[in-house]
Every structure is written in structure tokens, then in C-alpha cells.
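# Tertiary structure, described
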Amino acid sequence: MDLKTVGRLGIALFLTIGMSCRSQYQMTGIERSRVLVDRSFDTQYDASLERFIAPYRHEVDSIMSPVVGKAARYMSAQRPESILSNLLADILMWAAKDYHEQPDLAVYNVGGIRAAFAEGNVTYGDVLDVAPFENKICFLTLTGEKLLELFSQIASVGGEGVSHGVELVITKDNRLSGVCLNGHDINPSANYRIATLDYLAQGNDKMYAFKDKTQVNAPQDASNNVRFIIMNYFREKMEQGEAVDSRMEGRIIVE
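A few points on the structure. Counting restarts for each chain: residues are numbered from 1 in the order of the written sequence. Given that this is a predicted model, residues contribute local features only at a pLDDT of at least 70 and side-chain atom pairs are listed and counted only at 80 or more, while totals for whole chains, interfaces and linings are drawn from all residues. As a rule here, side-chain values come from all non-hydrogen atoms in the structure, and water together with hydrogens is ignored.

Moving on, we get to the sheet that holds strand S6 (residues 166-170). Strand pairing is assigned whenever DSSP detects at least two bridges linking the two strands. Strands here mean DSSP runs of E at least two residues long; helices mean DSSP runs of H or I at least four residues long; both are numbered from the N terminus. Overall, mixed pairing links the three strands, which are arranged S7-S6-S10 in an open sheet. Both edges of this open sheet fall to strand S7 (176-181) and strand S10 (252-254), since each of them pairs with a single strand only. If you compare each strand with its neighbour and ignore which way they point, the axes differ by 10 degrees on average. As judged from the five bridges shared by S6 and S7, these two strands associate in the antiparallel manner. Looking at S7, one finds that Glu-167 is bridged to Cys-180. Across the face of the sheet, helix H6 (residues 144-156) comes into contact with S6 and S7 while running at roughly 125 degrees to S7. Note on geometry: axes are C-alpha line fits, over the in-contact stretch for helices, and angles between N-to-C directions span 0 to 180 degrees. Contact definition: two residues touch when any of their heavy atoms are within 4.5 Å.

Here you go:
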């Protein structure tokens, strides 16, 4: 049993036990112990762990194993630009129509992308590995002045996921030296609509400019979790007979 399997089991067990607590039972006490989960699980068979997991394995597999689509190639995330960070930012733009939004751009943090998609079938569990957090889609408005600040903050960390049409040039010491959006300069006095994650909208991951947001649309239902949005995108492509793909476009260039 590898670490990924242990992690998925842990999440699924948490969800399963959490849902069971909504019954007539009431918690009367908590006891805890620490279990070290490291690479020794990959090489050492633990019969007691297997016995503990066995009753849950079928249910966990039924949740994690369904195929939601296909990946055309191996896709991973890194800075300054990557196939996977481009894809996830573009998926936020794709989803905007379901929220009656027309954003000018999208931002997805590389630090929130925790795995890669392998070429071939993509399962629910694969999407959960890539997007394991409870982050939800969010739409907000920034002035052009604040958007330039945001791009400078993105440059300061070496890049983040940005959608098609964004072109940033950053220096080797992580300063913003050029910016273009859909072929145009940023107008400091104009307003720009942005699709992102609610986590980033709070100004996290050094994206402090988001704290000056206005006109926020941040639906909080579980269906708005980005993992479900990613799955919906993969499912739509699968229904169309297409594998999900992305490409490098020079969205963020280090000069």
C-alpha cells in the first residue's frame, strides 16, 4: 500500500465516519494516538493495518475509482508556467458561465496543485490528489491598479497559474517587467473581473492585492469545490470524445 492510497483512505474514512456521526449517536469523549505514515508503508506489510482498512476498502474504492475523463498527456505543475497550472486556470474560466460570470482572467495557485495527471484515464481519486483542499471557485473585481499589484506579487514568487490571454514577463530576481491582457495594456483606472479560489481571494499565498476586492461572488455550496468543477470539465470532454489537454503558451516568461 503506497502513501497515496493511505492518504485517499484517510480522507474517505474521515468523510465516512463524519457522515455516520450525523445519526442518533452523540460523542462522549475523544482519545487519540499518533501513527507515523511514511515510506515504510510501501515496503513493510502491516497485517493490523490491513485488517483495520478491510471493512472500508470496498466503499473507498467505489468512491475513488470511477473514471471522470482522460488526460491526453502527462501534466504537472511548476513555476513559472506549466501545462497543468494553465489547464486549471482555464477550467475556472470555462466554469464561469455556470455562475453567469464573464471574467477577464483567472488565477490558480501552483502551491494548491498537489499532484500531476498521468496520461490516460483520470479517476475521481486522481482529481482529489491534484485538488485535495476544500477551495471553492470565487469571482471578484480589482481595479487595474490593484491588478498590476497582483501581477507583481505573482512575479515575486516566480509565477502562478494564469488563464489564456495573460502575458507576464518577469525578471530573474522575480520582478514584474511586462504585462499584457488579451493583447492590451492594463488600464489602472479600469475594473477587471477575475475568477480564482476563495482561499486566494482572502489574500493568501502572498496575493495581497486580492484583499482590496469588490463585487465578490463566492458560492459556498460543496458543489462549488474546485475538484468537482475539474471533474465536470473532464466529464464534458469525455462526453465529446476528447481527452483533456493543455499546452505551454508563454503566459509567464522569465527574461
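On to the sheet that holds strand S8 (residues 191-197). Reading across from one edge, S5-S2-S8-S4-S9 is the order of the five strands in this open sheet, with mixed pairing throughout. The sheet terminates laterally at strand S5 (161-162) and strand S9 (214-217), the two strands that pair on one side only. For strand S4 (residues 137-143) and S8, the ladder comprises seven bridges, and the chain directions are antiparallel. Bridge pairing in S8 links Ile-137 to Leu-197. Packed onto the sheet, helix H4 (residues 83-95) meets strand S2 (105-108), S4, S5 and S8 and runs at close to 130 degrees relative to S2. Packed onto the sheet, H6 meets S2, S4, S5 and S8 and runs at close to 115 degrees relative to S4.

Moving on to the packing of aromatic side chains. Geometry of aromatic contacts follows a simple scheme: Phe, Tyr and Trp rings, the Trp one being its six-membered ring, pair when their centres are within 6.5 Å, and the pair is stacked under 30 degrees between planes, edge-to-face over 60, tilted otherwise. Counted according to the given criterion, the structure contains three aromatic pairs. Taking the centre distance of 5.1 Å and the plane angle of 80 degrees together, the rings of Trp-94 and Tyr-233 count as edge-to-face. Of this pair, Trp-94 sits in helix H4 while Tyr-233 is found in helix H8 (residues 226-239), placing the two residues 139 residues apart along the sequence. Exposure is judged per residue with a 1.4 Å probe applied to protein chains only, and the accessible area is read against the type maximum: over 50% gives exposed, under 20% gives buried, and values in between give partly exposed. Trp-94 sits in the buried class, given a relative accessible area of 18%. When the ring of Tyr-99 is compared with that of Phe-139, the centres are 5.5 Å apart and the planes differ by 45 degrees; the resulting orientation is tilted. Here Tyr-99 is found in the loop between H4 and S2, whereas its partner Phe-139 is found in strand S4, with 40 residues between them in sequence.

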